[in-house]
Amino acid sequence: MKNACLYEAHVQTTDLEEAIKFYQSIDLVLAYVISDRVAFFWLGESKKKEQMLGVWQVTSDQFKQSHFALHLPYAQFMNVPNFLSDKGIHLVPSFGLDTSEPIVHAWMPAASYYFEDKDGNSLEYITVLEGEPIPELGAVHLSAWQEANKKR
């Protein structure tokens, strides 16, 4: 339906205990654990119970890497490198661009920082930017997006 929102997403892990520690370290709130099989985390305001992440333990041969993105307001987004660095988590280059500044997906436009959990699942913090899309730019650093946006 048109007004549906994503409520729940799932990723896999080969070590549920380590995955729980990792996701708690990025401030997800542990909601419930079902034995040694799956952990559920609230995203955003846990009291609202509007969004959830499930982390399922599987064997190494069953494991498949996944990707998901977490939205942040712009001001909070700009602190992502420090937030992750303080937790010993490194940003990951993406779309052929280094991690010196956010990557902008100019077709949206939205800025992103990418990183990985302990299993190599691709995680992203994203913020939607003001301005019109410039799809022909592709993926660029934030400074390039800002410069192109000034010329419009």
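Please read these numbers as outputs of a predicted model, since none were measured by experiment.

Procedures and definitions
- Residues numbered from 1 in each chain as written.
- Predicted model: local features only at pLDDT ≥ 70, side-chain atom pairs only at ≥ 80, totals over all residues.
- Heavy atoms only, no water.
- Helix = DSSP H or I, 4+ residues; strand = E, 2+ residues; numbered from the N terminus.
- Buried < 20%, exposed > 50% of the residue type's maximum accessible area, 1.4 Å probe, protein only.
- Contact = heavy atoms within 4.5 Å.
- Areas by Shrake-Rupley, 256 points an atom, 1.4 Å probe, with all protein chains shown as cover.
- Lys, Arg positive; Asp, Glu negative; His and termini not counted.
- Charge placed at Lys NZ, Arg CZ, Asp CG, Glu CD.
- 1 Å grid on protein atoms, 1.4 Å probe; cavity = no way out; pocket = protein on both sides within 12 Å on 5 of 7 lines; lining within 4 Å.
- Points joined across faces, edges and corners; volume = space filled by probe spheres on them.
- Nonpolar A, V, L, I, M, F, W, Y, C, P; charged D, E, K, R; others polar.
- Pairing = 2+ DSSP bridges.
- Axes fitted to C-alpha atoms, helices over the stretch in contact; angles between N-to-C directions.

**Details of the overall build of the protein**
Now for step 1: Within the protein, the regular secondary structure consists of four helices and nine strands.
Now for step 2: For the protein, the spread of C-alpha atoms along the three principal axes comes to 55 × 35 × 30 Å.
Now for step 3: Burial analysis of the protein (152 residues in total) assigns 39% to the buried set.
Now for step 4: In the protein, once contacts between residues fewer than 6 apart in sequence are set aside, the share between residues at least 24 apart is 55%.
Now for step 5: Total accessible area on the protein stands at roughly 9300 Å², and carbon and sulfur atoms take up 51% of it.
Now for step 6: Averaged over its 12 positive side-chain charges, the protein has a centre that lies 6 Å from the centre of its 20 negative ones.

**Describing the layout of surface pockets**
Now for step 1: Empty space within the largest pocket amounts to approximately 780 Å³.
Now for step 2: Looking at the lining of the largest pocket element by element, the count peaks at four residues for strand β5 (residues 67-71).
Now for step 3: When the residues that make up the lining of the largest pocket are grouped by side-chain class, the tally is 18 nonpolar, five polar and five charged.

**Details of the environment of L6**
Now for step 1: Among the structural elements, L6 can be located in the segment before β1 (8-13).
Now for step 2: With relative accessibility at 63%, the residue L6 sits in the exposed group.
Now for step 3: Considered as a pair, L6 and L142 are 136 residues apart in the sequence and their alpha carbons are 27 Å apart.
Now for step 4: In contact with L6, other than residues within four places in its own chain, are E50 and Q51.

**A few points about the sheet that holds strand β3 (residues 38-43)**
Now for step 1: The four strands are arranged β1-β4-β3-β2 in an open sheet whose pairing can be described as mixed. Here the strands that pair on one side only, and so sit at the sheet edges, are β1 and β2 (29-34). Ignoring which end each strand starts from, the neighbouring axes of this sheet average 20° apart.
Now for step 2: Taken together, the six bridges between β1 and strand β4 (residues 51-57) define a ladder with parallel strand orientation. Among the inter-strand pairings, T13 is bridged to a residue of β4, identified as Q57.
Now for step 3: This element, helix α1 (residues 16-25), spans β1, β2, β3 and β4 of the sheet and lies at about 10° to β3.

Limitation: the analysis is restricted to geometry and does not speak to function.
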